[in-house]
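Single-letter residue listing:
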Amino acid sequence: MASRMATVMVVMVVAMVGSAGAVSSEAEEFLAAHNKARSKVDVAALEWSEELEAVARKYGEKQRDHHQCAMVHSRGPYGENLFWGYGKRYTPTDAVRSWENESKDYHYESNSCTPGKVCGHYTQLVWADTKRVGCAVIGCYDGATFIICNYDPPGNFVGERPYERSKAKPAQNVVSERGEGSTTRLASAAEVSADEGDGQFSRADVKLCQCMLSCVSKANSNQWRHESTAHKL
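Keep in mind that what you see is a predicted model, and the values were worked out from it rather than measured.

S.K.: Could you give an account of the nonpolar core, naming the residues involved and the relevant values?
M.R.: W99, L125, V133 and Y163 are the most contacted members of the largest nonpolar core, which has 27 residues in total. Looking at which element gives the most residues to this core, the answer is helix α2 (residues 25-39), with five residues.

Quick look at the structure:
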């Protein structure tokens, strides 16, 4: 009898541990993509946060239900990367890969983006002080995909680098760009597939929309206006 009770207790403990540590396949994909990018600059892997996932999902559903998945940041206490794609089913890997692709436009020595390019998604992705991430994939009513990732602690502080060079692999060629005043600007105009020169483009002309910390849709219009900002201490 005692042996049977001990066996039952062991099974219960194993089940509880498995349940507590389980994450969805979607979360595993987000984590794998994030940590693969972070490993390239030798920063610690992130842990999945159900709390941040819930925050991301709540905000994404609000944007879907009331604002047609407009690319507007929540301005909450966490770091945040947004992704919007149209024309196919976009995955967590697609979103993270699009943010990582900005690495070619980030220059470590000047801590800046190539002029006219975005790199703020990438720097948040590999920000060394960030420990947790939680993301959500939202299906918009028009068939688009809206993806939100929240980060804690947040990154992209002006004047700080995302990682220590001594602990990272060699950076790319340096192109210096200074932002307003004496601060380093990590974000610039959004990179789009249709370059109209004025930073505005229509949904019909673009299949992928990205922004850093402030994207707002134009009222009663299918066009999007992108404004780049960064966290300040």
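S.K.: Give a detailed account of the state of the cysteines, specifying residues and quantitative values.
M.R.: Scanning the model with the defined rule gives three disulfides in all. Sulfur-sulfur distance for the disulfide between C69 and C140 comes to 2.1 Å. In this structure, the disulfide formed by C69 and C140 twists by about -110 degrees around the S-S bond and is classed as left-handed. One end of the pair, C69, is in the loop between α3 (50-67) and β2 (79-85); the other, C140, is in the loop between β5 (132-139) and β6 (145-152), and 71 residues separate them in sequence. C140 matches C69 in its accessibility class, with the two residues each being buried. Here C113 is linked by a disulfide to C119, with a sulfur-sulfur distance of 2.0 Å. Disulfide C113-C119: torsion about the S-S bond near -80 degrees, hence left-handed. Since its relative accessible area comes to 0%, C119 is described here as buried. Here the cysteine-cysteine linkages of the protein are recorded as 1-5, 2-3, 4-6, numbering only bonded cysteines and doing so in sequence order.

Cut-offs applied
- Residues numbered from 1 in each chain as written.
- Predicted model: local features only at pLDDT ≥ 70, side-chain atom pairs only at ≥ 80, totals over all residues.
- Heavy atoms only, no water.
- Core = buried A, V, L, I, M, F, W, Y, C linked by side-chain atoms within 4.5 Å.
- Buried < 20%, exposed > 50% of the residue type's maximum accessible area, 1.4 Å probe, protein only.
- Helix = DSSP H or I, 4+ residues; strand = E, 2+ residues; numbered from the N terminus.
- Disulfide = S-S within 2.5 Å.

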